[in-house]
Amino acid sequence: MKKLAVTFIVLIILAQYPLWYGKGSWLNVYEIDQQLASQRQTNQKLLNRNTVLEAEVNNLKQGLDAIEELARNELGMIRADEVFFQIMESNEENNTRIGRQ
């Protein structure tokens, strides 16, 4: 009777091994599920970025205001009838050194 019980226990353990440690095991399924959740999150971030870029491209294709804004901000361009003033802020550290000397 003891041999039969031991045999059944061994057979149960052998049957359970692929379920826990095999190719389609619970642990493997859990790891793949975690990777899938991470990839979905990454895909959502990239989809949001692509939507913003697509809106910017459409704006540049259709509107001159966007092109003008980019030219002003990135290239420092001004119109022919405008005057550009650049105000330089003084460094307070330089002012205090001059006063102490």
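One can find the structure itself at the top, above this paragraph.
These figures come from a predicted structure and were not determined experimentally.

Student: If you had to explain the overall build of the protein to someone new, which residues and values would you point to?
Tutor: From N to C terminus, the protein includes four helices and zero strands. The helix and strand sequence of the protein, counted from the amino end, reads α-α-α-α. Taking 13 Å as the expected radius of gyration for a compact globule of 101 residues, we find that the protein reaches 34 Å, considerably beyond that expectation. Projected onto its principal axes, the C-alpha coordinates of the protein cover approximately 105 × 55 × 10 Å. Residue burial in the protein is summarised as follows: out of 101 residues, 4% are buried. A total of about 10200 Å² of accessible surface is found on the protein, and carbon and sulfur atoms cover 59% of it. For the protein, the distance from the average site of its 11 positive side-chain charges to the average site of its 13 negative ones is 22 Å.

Student: Give a detailed account of helix 1 (residues 2-21), specifying residues and quantitative values.
Tutor: Quick reminder: α-helices carry 3.6 residues per turn. Residues three or four places apart thus point the same way. Across its 20 residues, helix 1 extends 28 Å between first and last C-alpha, which sits within 8% of the 28 Å expected from 1.5 Å per residue. Its axis deflected by about 25° at Ala 15, helix 1 carries its strongest bend there, up to four residues before the proline Pro 18. Counting buried positions along helix 1 gives zero out of 20 residues, so the element sits mostly on the surface.

Basis of the calculations
- Residues numbered from 1 in each chain as written.
- Predicted model: local features only at pLDDT ≥ 70, side-chain atom pairs only at ≥ 80, totals over all residues.
- Heavy atoms only, no water.
- Helix = DSSP H or I, 4+ residues; strand = E, 2+ residues; numbered from the N terminus.
- Rg over C-alpha atoms; globule rule 2.2 N^0.38 Å.
- Buried < 20%, exposed > 50% of the residue type's maximum accessible area, 1.4 Å probe, protein only.
- Areas by Shrake-Rupley, 256 points an atom, 1.4 Å probe, with all protein chains shown as cover.
- Lys, Arg positive; Asp, Glu negative; His and termini not counted.
- Charge placed at Lys NZ, Arg CZ, Asp CG, Glu CD.
- Expected span 1.5 Å × (residues − 1).
- Bend = angle between axes of the 7 residues up to and from the residue.

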